Amino acid sequence: MGGGQTAVVRGRTDSRDPRATAWTAAGCAAALLLAGGCTGDSSSAAEDPPVPHAIPGDLEAAYQDVVRDALPSVVQITTEDGLGSGVLYDDSGHIVTNAHVVGQGREFEVLLATSQTPLSARLVSSYPPQDLAVIELTDPPDGLRPADFGDSSRVEVGQIVLAMGNPLGLSSSVTQGIVSAVGRSVSEGEGQTTLGNMVQTSAAINPGNSGGALVDLSGDVIGIPTLAARDPGLGGGQAPGIGFAIPAATVTSLADQMIEHGRVVDSGRAALGVSVRTVLGDGFEPAGAALVDVAEGGPADRAGLRPGDVLVKLGSEPITDVVSLTEALASHQPDDTVRVRYARDGERRSAEVTLGEA
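In this text, all values refer to a predicted model and were calculated from it rather than measured experimentally.

S.K.: Could you give me a rundown of the pairing of strand E3 (residues 74–78), with the residues and numbers involved?
M.R.: Of all 5 residues in E3, 4 are buried; the element is thus mostly enclosed. Strand direction decides the pairing type here: E3 and strand E4 (residues 83–88), joined by 5 bridges, are antiparallel. Pairing of Gln76 across the sheet is with Ser85, part of E4. Sheet analysis places E3 next to strand E6 (residues 107–111), joined by 3 bridges and oriented antiparallel. Along E6, the bridge assignment pairs Gln76 with Leu111.

Next up, the structure:
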């Protein structure tokens, strides 16, 4: 940061960016070990207060500022099937959440973080392929606090984030962690939706957090928490410290379409224009995705693929089953040109395919 390194942290100006302070303190700690001192001028280390002691207060203050600013935008949603979270999208009463939170429901109760009286809401639109939905308060009150959505393309691994929601029915809960990875493709379950370009985080995401807010230290929502990883080795139990969020850019793009058109008209999801099934090879192990149907004039059809062909690779990704094909497609965009490898009548072939849109 230029100009004297002044960091604006949602409602307060701090002469020291908490992240910069942490790095400075870490450097000083290393210097103290190696050289017996750490100074910013000619003073001795013995004359200065220990720099690391400044870290907790600075970071704690930053956390508290973000919570005070962003938490009023997070709501609790009650459906016929249970509880979930949502984020106030605008001052007209639109709320973004997960498609799996709203399920098949069309009417809901919404509890604002600043109120004890539930408000009624209705479904605007649900888009399960990206697990996103928009609902709307039927009689929005004055003074709503819509969230600020940040630029998720600038999210970096190691960035501190807070997850806000209503886990296990504990309203207005906050957990903290870091961005662990970006650009993940994640399947919600065998044969179910695969979500692309997800943000992975170590912030705890538990049942009820779905649809809430993943917030950076500027107070901007950078993602909507959606699911936690499951560990087959733990009997399908939740793997701690591995959660995923829909990036803010995807949220705003799809939410704007649902609010304006009542549905998603431009998904941004790549497609081959085929229906497929998993085929088994020797040892009854998954060995590819067989084309059951090829849409006439679609991407696969134009590339010369036909029913019965078995896809074994898309781009650099091996294809062993339906899920791996969906995950490979989730890492691409419509109009991308990729090479696919496939088997036909026992012969391996390849073709260039320009992907369409789902």
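Right, picking up where we left off after that structure.
S.K.: Please give an account of the environment of His332 that cites residues and values.
M.R.: Counting through the fold element by element, His332 comes out in the loop between helix H6 (322–330) and strand E20 (337–344). For the pair His332 and Gly196, spaced 136 residues apart in sequence, the C-alpha to C-alpha distance is 8.5 Å. Discounting residues that sit within four places of it in the chain, His332 has contacts with Ala270, Leu314, Val338 and Leu355.

S.K.: Describe the nonpolar core, naming the residues involved and giving the relevant values.
M.R.: Ranked by internal contacts, the top residues of the largest apolar core, which has 32 residues, are Val96, Met164, Val215 and Met258. The contacts of Met258, once residues within four sequence positions are left out, are Val124, Ser125, Ser126, Tyr127, Leu132, Ala133, Val134, Arg263 and Val264. In terms of nonpolar packing, the next biggest core, distinct from the first, is built from 19 residues, Ala270, Leu291, Val294 and Ala351 among them.

Definitions and cut-offs
Residues numbered from 1 in each chain as written. Predicted model: local features only at pLDDT ≥ 70, side-chain atom pairs only at ≥ 80, totals over all residues. Heavy atoms only, no water. Buried < 20%, exposed > 50% of the residue type's maximum accessible area, 1.4 Å probe, protein only. Helix = DSSP H or I, 4+ residues; strand = E, 2+ residues; numbered from the N terminus. Pairing = 2+ DSSP bridges. Contact = heavy atoms within 4.5 Å. Core = buried A, V, L, I, M, F, W, Y, C linked by side-chain atoms within 4.5 Å.

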